[in-house]
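Analysis of the macromolecular model
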Amino acid sequence: MTPATIFALSSGSPPAAISVIRVSGAAAHQAGRAFAGDLPPARQAAVRELRNREGELLDEALVLRFDGPSSSTGEDLVEFHCHGGRAVVAAVLDALGRFEGLRGAQPGEFTRRAFENGRIDLTEAEGLADLIEAETESQRRSALAMAEGGLRRQIDAWQEALLSLSARAEAAIDYVEEESVDADPQLSRDCSALASELRSWLLRPRSEPLKDGIKVVIAGPPNTGKSSVLNALVGQDRAIVTDTPGTTRDHIDVPLSLEGVPLRLTDTAGLRESDEEVERMGVERAGRLIAMADVLLWLGESAAPQHPHLIRVHSKSDLPGRDCAPPDALAVSALTGRGLSELADAIVREARQLLPVEGDLALNRRQSEAIAEAEAGLRSASVGDDVVLVAEMLRRARTAFDRLTGRAGVEDLLDSLFGRFCLGK
Ligand SMILES: Nc1nc2c(ncn2[C@@H]2O[C@H](COP(=O)(O)OP(=O)(O)OP(=O)(O)O)[C@@H](O)[C@H]2O)c(=O)[nH]1
Ligand SMILES: [K+]
Ligand SMILES: [Mg+2]
């Protein structure tokens, strides 16, 4: 069954100077002709009068025609660049809906068709979703590299290398028709080399921190000035400050960008034993937040928890006797502002270590898991001494790559991925 021909407003909501309405599918050209009189040659723009079935003039629009499979969706496609008034857009969409075989598109349906017709792979679709959601320059650059096929090309190269390894293993099986065949030591070494290359990709920072922000958690005993430090860093009174120990109960989460580094600053309840239930729950929650912290700001003189990205803060350094910080701590005063810019610098320095290097492709969790599975297959293949098993392990690695690009076994995740797109994309 041919899929329905779909249409949607693909530009922002009216009123706007111009609104782009797209129609994609087998009936797109026929509907376009009926609507615009005739269509220009493929990939050439022409001005046309748009009329509904009753012959009533709806708008004068720039019309573009694309022929499948060389269109963004892989199907026949028509674009109408209309005047962007609310009534114009409503009338054009209404008229399109009256054509036989046409229906309004679901969010992300154009991109889904591009994927299903092989115009883009899953990593490019993920990049496009991220690109639309990108709010910072580094998010935009990272998403664009993915959407442009940066990872797809890398995966193609890996798949090719893997196929030739598989071919060598299969050839060895065919060659000797015995029960078990010893693996070729050179094949083992080549499997191991490819596994190591995949490992080096897995050791890179992932893409999520770029999207969600680096989790910076402020923690320590009660009344050490944690909430005051949060407010000072954010430049706003976001957390309640009083001289009563145990003021902060529920944690407070504030997004913050320092030097273009996306952060999520979290203030937590002061850590102490408490008989009071709400405070105790806050303290438990603080413990969990500390465990999940990417960067930990520790206030207080007591021993800090072990953490790979720990910043010790000697707070209230304006008070008599607190002028000098211990050598491993930063002297900070939320009251006078002393040490705040040094603290911000230290946070940025730690956070940068957890963010993808500019220009490097960063993998998301799904992509990392698939690559880890391919790596595991290759590792087993490299130590396997029976070539039949080696061939099987290499097949497992290939399947993992197929899942990575969306060629196999991904039906369950398509709805959630394409659901992230807006209508008309
Ligand atoms: N002099 C001085 N007082 C400060 C400074 N920072 C905080 N304080 C005071 O210390 C007290 C506690 O500050 P908070 O920011 O509420 O401390 P906290 O660690 O969040 O406290 P809990 O949430 O109760 O654990 C308040 O009376 C603040 O005014 C500072 O830099 N200098
Ligand atoms: K307090
Ligand atoms: Mg507090």
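Let me sum up the structure you'll find in this document. Since this is a predicted model, take the numbers as computed values, not measurements.

Re the overall build of the chain
The helix and strand tally for the chain stands at 14 helices and 12 strands. Computed over the C-alpha atoms, the radius of gyration of the chain is 29 Å, more than 25% above the 22 Å expected from 2.2 N^0.38 for a compact globule of 425 residues. In terms of principal-axis extent, the alpha carbons of the chain reach across some 85 × 75 × 40 Å. Put simply, the chain has 425 residues, and 40% of those count as buried. Intrachain contacts of the chain at a sequence separation of at least 6 include 61% that bridge at least 24 residues.

Section: the nonpolar core
Burial of nonpolar side chains together is a common tendency in soluble globular proteins. Formed by 105 residues in total, the largest nonpolar core has its most connected members in Val92, Val217, Val229, Leu297, Val313 and Leu394. Here this core takes 9 residues from helix H13 (residues 387-405), the largest share from any one element. Apart from residues lying up to four places away in sequence, Leu297 is in contact with Val216, Val217, Ile218, Ile311 and Val313.

Topic: the site of ligand 1
Looking at ligand 1, there are 22 residues lining it, with Gly225, Ser227, Ser228, Thr248 and Gly270 nearest. Taken together, the residues that form the shell around ligand 1 break down as 6 nonpolar, 12 polar and 4 charged.

Considering the sheet that holds strand E2 (residues 18-24)
With mixed pairing, the 6 strands of this open sheet are ordered in space as E3-E4-E5-E2-E1-E6. Because the sheet does not close on itself, it has two edges, and the strands there are strand E3 (46-51) and strand E6 (102-104). Each neighbouring strand pair of the sheet contributes to a mean axis angle of 30°, computed without reference to strand direction. Sheet topology note: the strand E4 (residues 57-66)/strand E5 (residues 77-83) ladder contains 5 bridges and is antiparallel. Bridge pairing in E5 places Leu64 opposite Glu79.

Description of the sheet that holds strand E10 (residues 295-299)
Whether parallel or antiparallel, the strands of a sheet pair through hydrogen bonds between backbone atoms. Strands sit in the order E8-E9-E7-E10-E11-E12 across an open sheet of 6 strands; the sheet is mixed. Taken across any chain shown, the strands that pair with only one partner, and hence form the sheet edges, are strand E8 (252-258) and strand E12 (329-331). Neighbour-to-neighbour, the strand axes of the sheet open up by a mean angle of 25°, direction not taken into account. Alignment of strand E7 (residues 214-219) against E10, held across 4 bridges, turns out to be parallel. Bridge pairing in E10 links Val216 to Val295. Across the sheet, helix H10 (residues 277-292) lies against E7, strand E9 (261-267) and E10, angled at about 135° from E7, the strand it touches most. Set on the sheet, helix H11 (residues 340-352) makes contact with E7, E8, E9, E10, strand E11 (310-314) and E12; between it and E9 the angle comes to about 115°.

Conventions we followed
Residues numbered from 1 in each chain as written. Chains lettered and ligands numbered in written order. Predicted model: local features only at pLDDT ≥ 70, side-chain atom pairs only at ≥ 80, totals over all residues. Helix = DSSP H or I, 4+ residues; strand = E, 2+ residues; numbered from the N terminus. Rg over C-alpha atoms; globule rule 2.2 N^0.38 Å. Buried ≥ 20, exposed ≤ 12 C-beta atoms within 10 Å, placed from the backbone. Contact = placed C-beta atoms within 7 Å. Core = buried A, V, L, I, M, F, W, Y, C linked by C-beta atoms within 7 Å. Near = placed C-beta within 6 Å. Nonpolar A, V, L, I, M, F, W, Y, C, P; charged D, E, K, R; others polar. Pairing = 2+ DSSP bridges. Axes fitted to C-alpha atoms, helices over the stretch in contact; angles between N-to-C directions.

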